Amino acid sequence: MINYDFNLLCFIRFFSGLIAFLVAFIILRRKVAHGAIYLALFELAAAIWSVSDGFEAAALTIELKFLWAQIAYLGITTSCVFFLLFALHFTGNSRFVNKKHIIILFIIPSITIILAFTNSYHHFLWERIEIDSSTNFSIYYYGFWFWIHIIYEYSILTSAIILLLFSTFKVYNTFKANHWLLLIGTLLPFIASITYVFKLSPVQGLDFTPISLVFSGIIILISFYNFKMFDLIPIARKQVIDNLRVGILVAGSDDQIIDSNPVFNKISGITENLRNKNLNEILVKINTRMEDFTSENDYSTESQIVIDGENKVFEIKYHTILDENSRQVCKIFILNDITTRKMILDAIAESNKQRKIELLEKEALIKDLNAYARSVAHDLKNPINSIVGFSQIIEKNINNNNPADALAMLNVVKNESMKMAEIIDALLKLSVIRKEEIEMRPVNHKQILEEALRRLKIPLNDKKVVIDFPADMPCVLGHSQLIEEVWVNLISNAIKYGGNPPLIKIGFTVISTDTINFWIADNGNGIPSSNFEKVFEDFERLGREDIEGYGLGLPIVKRIIQKLQGEVKVESTGNPGEGCVFSFSLKTCITS
């Protein structure tokens, strides 16, 4: 067939259609439940849907894909109605199943079928179709009637599910398991349809609904046989059970294996016949035990199994089958490969974690930008005003031929400009620290501290600072220039806010084998505990306004230490003369 390209997915749909026809035949022959005719019609509609979907997937032209999509709608539109009619019968509401109600129920499906076959004239159902060249999957763009059809279909299915759900609470406990299984079977196509219609599938255009409908029918059939799935005739058993994508293991009440399907044999890696083998020996092959199945985990567990050298994750569900006297007949274990689902969930979790980190970084950035704006507006305003004012005075002195006064004013402008440069430099440091990637290396801490003191030689001498620090400092991991900047800011802060004269003491404390805490203490007025966090975050000068500064030193310290994977904090009693103790932690060289 020159206009078709049949692949594995197409043949799976054809095989699913074959199974559906077989299930319908078995239901009609055995009449396993009230309203069996509607259940059989439901399976026939699912078969039409599945087979048509197979041809539609294989078709290579848009015209052929439309044709098979139109044929598929014979099953799509009627399957939900047949299932509702069955649910009404099965739940004891057959009085509602009459000619009048059936006609009403089929009004929307009939209109939908007509619109499907005449779509080329109005495009009410499908506006257009596109073919994914890489997969040959069809991507439909829906018209307004499609959504009317979908709302109606979902309403019908929801009604059937509610009927079955309420009936579950009205039956004896012996039959509750059957009803719950029936509900699960009903939900499968519902979920698959939603995934396809709203394009939630990772593969666009791939519709699992026809296959799920057949799977649903199989589950329903099993429930009606009271789980006696092995009473099916041999050909039905082979096609229905052996071709399921889940692994199935069945053991008797004496823990002897009754049967298993090929999927389970492949999962367990067992090639021999399992019949009459001990259950516990087989469970070991799939890395689980009977003790793993408890009521707390709804008799379900997960197991990691290596298949063909690849790690797979399986969800294993355990069901106990009872007879009419509530005696255990057999145990069924169903293995479902959830590797992809786990990978998706892990990826989602990792993505959410990354988004949370990005959100926190953005919040921090916004906070910094607000702080920068306040700092620029507050601290740059005065120097700029001074420069503007003194520039006018210089201009006037030059016009009045007073060069000496103009020169003096120029020195003032120079000093104010230097202040502005210092503020801008501090802001740039904060920005660079946030973006820069730091390579952690062992550093000579004593040499770093001595260099910081050398940079501060003038203010140390001017203020007659008395400073005490260890003769030796331990090796830590970090970045020499950044750690030097930390000490320059902390020592400058101690000089500005210390006593008269400032008394500064520097030291360190070994916290653990891999962490050292460095500290600097002064003899100033201290800081109230309510301002401990504010000194690092708000870019403000707390307390004495007569002291020069821009409120950027301590935030720079915090950014650097966080970048070096450490912590910074301040301690103070708030009593005059007792000052503050600023400390920060760094990793020791042993850590590397």
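Computed from a predicted model, the values in this text were never measured in an experiment.

**Q** An account of the pattern of salt bridges is needed here, citing residue identities and associated values.
**A** Counting across every chain of the model gives 12 salt bridges. Its salt-bridge partner being Arg-13, residue Asp-53 comes within 2.3 Å of it at the nearest N-O pair. Residue Asp-53 is found in helix H2 (residues 36-58), and its partner Arg-13 is found in helix H1 (residues 8-30); the two are separated by 40 residues along the sequence. We note that Asp-53, like Arg-13, is buried. Lys-312 serves as the salt-bridge partner of Glu-310, at 3.8 Å between the closest nitrogen and oxygen. Sharing partners across several salt bridges, the network here consists of Glu-310, Lys-312 and Asp-337.

**Q** Please set out the environment of Lys-563 residue by residue, giving values where relevant.
**A** Tracing the sequence through the fold places Lys-563 in helix H20 (residues 553-563). Note: C-alpha distance between Lys-563 and Met-440 (123 residues apart in sequence) is 9.9 Å.

**Q** I'd like to hear about the packing of helix H3 (residues 62-90) against helix H7 (residues 144-168), residue by residue, with values.
**A** Across the interface, H3 lies against H7 with an axial gap of 9 Å and an inter-helix angle of 25°. As judged from the angle between their axes, H3 and H7 are roughly parallel. Two packed elements cross with a definite hand, and for H3 against H7 that hand is left-handed. Packed against H3, whose contacting residues are Tyr-73, Ile-76, Thr-77, Cys-80, Val-81, Phe-83, Leu-84, Ala-87, Leu-88 and Phe-90, the element H7 presents Phe-146, His-149, Tyr-152, Glu-153, Ile-156, Leu-157, Ser-159, Ala-160, Leu-163 and Leu-164 at the interface. Broken down by class, the residue content of the contact of H3 with H7 amounts to 16 nonpolar, 3 polar and 1 charged.

**Q** Explain the sheet that holds strand S7 (residues 328-337) to me, and be specific about the residues and the numbers.
**A** Sheet architecture is open: 5 strands sit in the order S4-S3-S7-S6-S5, paired in antiparallel fashion. In this open sheet, the two strands that pair with only one neighbour each are strand S4 (257-260) and strand S5 (300-307). Sheet twist, expressed as the average angle between the axes of neighbouring strands with direction ignored, equals 25°. Here 6 bridges tie strand S3 (residues 247-252) to S7, and the two strands are oriented antiparallel to one another. From the neighbouring strand, Ala-251 faces S7, where its bridge partner is Lys-331.

**Q** Got a sec to walk through the state of the cysteines? Specific residues and values, please.
**A** By definition, a disulfide links the sulfur atoms of two cysteines through a covalent bond. Summed over the entire model, instances satisfying the criterion amount to 1 disulfide. Between Cys-475 and Cys-589 runs a disulfide, and the two sulfur atoms are separated by 1.8 Å. Judged by the sign of its S-S torsion, about -70°, the bond between Cys-475 and Cys-589 is left-handed. Residue Cys-475 is found in the loop between strand S9 (466-468) and strand S10 (476-478), and its partner Cys-589 is found in the segment after strand S14 (580-587); the two are separated by 114 residues along the sequence.

**Q** Now, about the packing of aromatic side chains: what can you tell me, with residues and values included?
**A** If you walk through the whole model with that rule in mind, you get 27 aromatic pairs. Look at Tyr-4 and Phe-6: their rings are 5.7 Å apart centre to centre, the planes differ by 10°, and that puts the pair in the stacked class. A relative accessible area of 27% means that Phe-6 is categorised as partly exposed. The interplanar angle of 45° and the centroid separation of 5.5 Å between the aromatic rings of Phe-66 and Trp-126 together place this pair among those described as tilted. Of this pair, Phe-66 sits in helix H3 while Trp-126 sits in strand S1 (residues 126-131), and the two are 60 residues apart along the sequence. The residues Phe-66 and Trp-126 share a single accessibility class, namely buried. Counting every residue linked through ring pairs, the aromatic cluster contains Tyr-4, Phe-6, Phe-11, Phe-14, Phe-55 and Trp-68. The residue whose ring lies beneath Arg-128 is Tyr-141, and the NZ or CZ to ring-centre distance is 3.8 Å.

**Q** Requested: an account of the pairing of S3, with residues and values cited.
**A** Counting buried positions along S3 yields 6 of 6 residues, so the element is predominantly enclosed. The side-chain alternation of S3 yields two buried faces, one formed by Gly-247, Leu-249 and Ala-251 and the other by Ile-248, Val-250 and Gly-252. Where S3 lies against S4, 3 bridges are found, and the strand directions are antiparallel. Paired with Val-250 across the bridge in S4 is Asp-259. Connecting the antiparallel pair S3 and S4 is a turn made up of 4 residues, with Asp-255 showing a positive phi of about 65°.

**Q** Could you give me a rundown of the side chain of Glu-315, with the residues and numbers involved?
**A** Relative to the elements of secondary structure, Glu-315 occurs in strand S6 (residues 310-322). Assessed through its relative accessible area of 17%, Glu-315 is described here as buried. Apart from the residues lying within four places of it in its own chain, the contact partners of Glu-315 are Ser-300, Thr-301, Ile-334, Leu-335, Asn-336, Ile-338 and Arg-341.

Cut-offs applied
Residues numbered from 1 in each chain as written. Predicted model: local features only at pLDDT ≥ 70, side-chain atom pairs only at ≥ 80, totals over all residues. Heavy atoms only, no water. Salt bridge = Lys/Arg side-chain N within 4 Å of Asp/Glu carboxyl O. Helix = DSSP H or I, 4+ residues; strand = E, 2+ residues; numbered from the N terminus. Buried < 20%, exposed > 50% of the residue type's maximum accessible area, 1.4 Å probe, protein only. Axes fitted to C-alpha atoms, helices over the stretch in contact; angles between N-to-C directions. Parallel < 35°, antiparallel > 145°, perpendicular 65-115°, else oblique. Left-handed = near helix turned anticlockwise from the far one by under 90°. Contact = heavy atoms within 4.5 Å. Nonpolar A, V, L, I, M, F, W, Y, C, P; charged D, E, K, R; others polar. Pairing = 2+ DSSP bridges. Disulfide = S-S within 2.5 Å. Phe/Tyr/Trp six-rings, centres within 6.5 Å; stacked < 30°, edge-to-face > 60°. Lys NZ or Arg CZ within 6 Å of the ring centre and 35° of its normal.

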